Amino acid sequence: MNLDIVFDVIRKRWMQALLLVFLATVLTGGILYLQKPYFRSTAVFTAANPNLGDRSNIYRTEFWEQYFYYGGEFDNDRLMALARSEEMCRFMVDSFDLIKHYKINAGNEKAEYLADYEYKENIRIHKNELGHVKINVWDTDKKLAAAIANAIVARTNAKSIASLNNMKLEILRKLQHDFNVQKDSLQQIELQLQSNADALLTSRKTDVISRLNETEKLIQQFNTSVNEVSALFVIEEALPALKKDKPKVLAGMIMAAIVSFIFSVLLLLFVEWRSRQKVS
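Residues numbered from 1 in each chain as written. Predicted model: local features only at pLDDT ≥ 70, side-chain atom pairs only at ≥ 80, totals over all residues. Heavy atoms only, no water.

Novice: For the overall build of the chain, give the residues involved together with the corresponding values.
Specialist: Within the chain, the secondary structure is distributed over 9 helices and 4 strands. Listing every helix and strand of the chain by position from the N terminus yields α-β-α-α-α-α-α-β-β-α-α-β-α. Residues counted as buried form 34% of the 280 residues belonging to the chain. Counting contacts in the chain only where the partners sit at least 6 residues apart, residues at least 24 apart contribute 78% of the total. Carbon and sulfur atoms make up 59% of the accessible area of the chain, which amounts to about 18300 Å² in all. (Helix = DSSP H or I, 4+ residues; strand = E, 2+ residues; numbered from the N terminus. Buried < 20%, exposed > 50% of the residue type's maximum accessible area, 1.4 Å probe, protein only. Contact = heavy atoms within 4.5 Å. Areas by Shrake-Rupley, 256 points an atom, 1.4 Å probe, with all protein chains shown as cover.)

Novice: Explain the sheet that holds strand 1 (residues 39-47) to me, and be specific about the residues and the numbers.
Specialist: Strand pairing within a sheet occurs via backbone hydrogen bonds; the two strands may be parallel or antiparallel. In space, the 4 strands of this open sheet follow the order 2-3-1-4, with antiparallel pairing throughout. Every other strand in the sheet has two partners, leaving strand 2 (123-127) and strand 4 (232-236) as the edge strands with one partner each. Averaged over all pairs of adjacent strands, the angle between strand axes in this sheet comes to 25°, irrespective of strand direction. Note that strand 2 and strand 3 (residues 133-139) share 5 bridges and pair antiparallel. (Pairing = 2+ DSSP bridges. Axes fitted to C-alpha atoms, helices over the stretch in contact; angles between N-to-C directions.)

Novice: Can you lay out the environment of aspartate 139 for me, pointing to particular residues and giving the numbers?
Specialist: Assignment of secondary structure puts aspartate 139 in strand 3. Aspartate 139 sits in the buried class, given a relative accessible area of 2%. Spatially, the C-alpha atoms of aspartate 139 and histidine 101 are 10.0 Å apart, while their sequence positions differ by 38 residues. Once residues within four sequence positions are removed from consideration, aspartate 139 is found in contact with Pro37, Tyr38, Phe39, His101, Tyr102, Leu144 and Ala145. Polar contacts involving the side chain of aspartate 139 include one to the side chain of histidine 101, which spans 2.6 Å. (Polar contact = N/O pair within 3.5 Å; in protein donor to acceptor, adjacent residues only side chain to side chain.)

Novice: Report on the side chain of serine 260, specifying residues and quantitative values.
Specialist: Position of serine 260 relative to the elements: it lies in helix 9 (residues 249-279). For serine 260, the side chain forms a polar contact with the main-chain oxygen of alanine 256, separated by 2.7 Å. Setting aside chain neighbours within four positions, we find serine 260 in contact with Leu20, Val21, Ala24 and Thr25.

Novice: I'd like a rundown of the packing of helix 4 (residues 86-95) against helix 6 (residues 111-121), residues and numbers included.
Specialist: Closest axis-to-axis distance for the helix 4/helix 6 pair is 10 Å, and the angle between their directions is 105°. Compared by their axis directions, helix 4 and helix 6 come out roughly perpendicular. Contact residues: Glu86, Met88, Cys89, Arg90, Met92 and Val93 in helix 4; Ala115, Asp116, Tyr119 and Lys120 in helix 6. Here the residues of the contact of helix 4 with helix 6 are counted per class, giving 6 nonpolar, no polar and 4 charged. (Parallel < 35°, antiparallel > 145°, perpendicular 65-115°, else oblique. Nonpolar A, V, L, I, M, F, W, Y, C, P; charged D, E, K, R; others polar.)

Novice: Can you explain the packing of helix 7 (residues 142-195) against helix 8 (residues 199-225)? Please cite residues and give values.
Specialist: Look at helix 7 against helix 8: their axes get within 9 Å of each other, and the N-to-C directions meet at 160°. Here helix 7 is positioned roughly antiparallel relative to helix 8, judged by the angle of their axes. Crossing of helix 7 against helix 8: the hand is left-handed. In terms of residue class, the contact of helix 7 with helix 8 is made up of 14 nonpolar, 9 polar and 7 charged. (Left-handed = near helix turned anticlockwise from the far one by under 90°.)

Novice: Talk me through the side chain of asparagine 122; I want residue IDs and the actual numbers.
Specialist: Relative to the helices and strands, asparagine 122 is located in the loop between helix 6 and strand 2. Relative accessible area serves as the criterion here: at 6%, asparagine 122 is assigned to the buried category. In contact with asparagine 122, not counting residues within four places along its chain, are Tyr38, Tyr102, Asn136, Val137 and Trp138.

Novice: Before we move on, can you summarise helix 6 with the specific residues and values?
Specialist: Among all positions in helix 6, only Ala111, Ala115, Asp116 and Tyr119 are buried. Angularly, the buried residues of helix 6 cover 130° about the axis, an arc narrow enough to put them on a single face. (Arc of directions from axis to C-beta.)

Novice: How would you sum up the pattern of salt bridges? Please name residues and give values.
Specialist: What the rule picks out here adds up to 9 salt bridges. Of the charged contacts, one joins arginine 78 and aspartate 75 as a salt bridge, the two residues approaching to 3.6 Å between their closest N and O atoms. Of this pair, arginine 78 and aspartate 75 both sit in helix 3 (residues 73-84), 3 residues apart, roughly one helical turn. When its relative accessible area of 29% is taken as the criterion, arginine 78 is described as partly exposed. Several salt bridges share partner residues, and in doing so they unite Glu86, Arg90, Asp116 and Lys120 into one network. (Salt bridge = Lys/Arg side-chain N within 4 Å of Asp/Glu carboxyl O.)

Novice: Which residues make up the confidence of the model for the chain, and what values go with them?
Specialist: Of the residues in the chain, 88% have a pLDDT of 70 or more, and the chain-wide mean is 84. Mean pLDDT per element in the chain: helix 2 (residues 55-58) is the minimum at 67, and strand 3 is the maximum at 96. (pLDDT = per-residue confidence, 0-100.)

Novice: Talk me through the nonpolar core; I want residue IDs and the actual numbers.
Specialist: In terms of nonpolar packing, the biggest core is built from 32 residues, with Tyr119, Ile125, Ile135, Val137, Ile148 and Ile152 touching the most fellow members. Contributions of two or more residues to this core are made by strand 1, helix 3, helix 4, helix 5 (98-101), helix 6, strand 2, strand 3 and helix 7. With 8 residues, the top contributor of residues to this core is helix 7. Those residues in contact with tyrosine 119 that sit more than four places away from it in its chain are Met88, Cys89, Met92, Val93, Leu98, Tyr102, Ile148 and Ile152. In terms of nonpolar packing, the next biggest core, distinct from the first, is built from 11 residues, Leu172, Leu175, Leu186 and Leu212 among them. (Core = buried A, V, L, I, M, F, W, Y, C linked by side-chain atoms within 4.5 Å.)

Next comes the structure, spelled out in structure tokens:
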């Protein structure tokens, strides 16, 4: 398109273009101004080394070895997946009675779906530039936004600890079963030794006692490792915001002015083209 034609149309119809830009900008500003203000609260955490509460760390004696207290990228990914999970969404909706807070009719058969959708629209969980997990929560209630962000962190930590402890409890059950089997075997050997002091039976008894002591030691160590050692380190606790985060009225009005100007120019070019078509 020839730019001379564009500038010529703007010179001829600049008042119409200005009017369209003014109306669009003022209307956009009015709509944004009347919208409810949303406040943002942010919480940041990073994963702890999952081995912090493990028996291998609790009972290690060679403290000269370098030991990392922070987890790696995959640990942060695992925690972020927990924070983003559907179970977390449902838990937050129920815990904070968000159906009522979002003014959703509880009698509506889609009430839970609508609350889940609204919650997900107001939550963003991602990694920041340093690789830490960042939780942003927007809400019309600044205190509630902070409470939800901190609750997500606490729930993520609790779920991670529980999953690790459940694995350790499974190992404990297996060790306890082995211990009981070995104990029964020892009793049988002792009964046989009462009637026959065989060297082989004596050797087996010594071996079983040794394994029993080792298994009992492992049971004690795994019992200790089932603990509440935190799965994460909180870097930034969420606080109520001091000012609203959105809608951004000024930015919205500037964007509306730019878009409406482009639209008005295209519209006027179309009108000019139509008028010339009729003349010709």
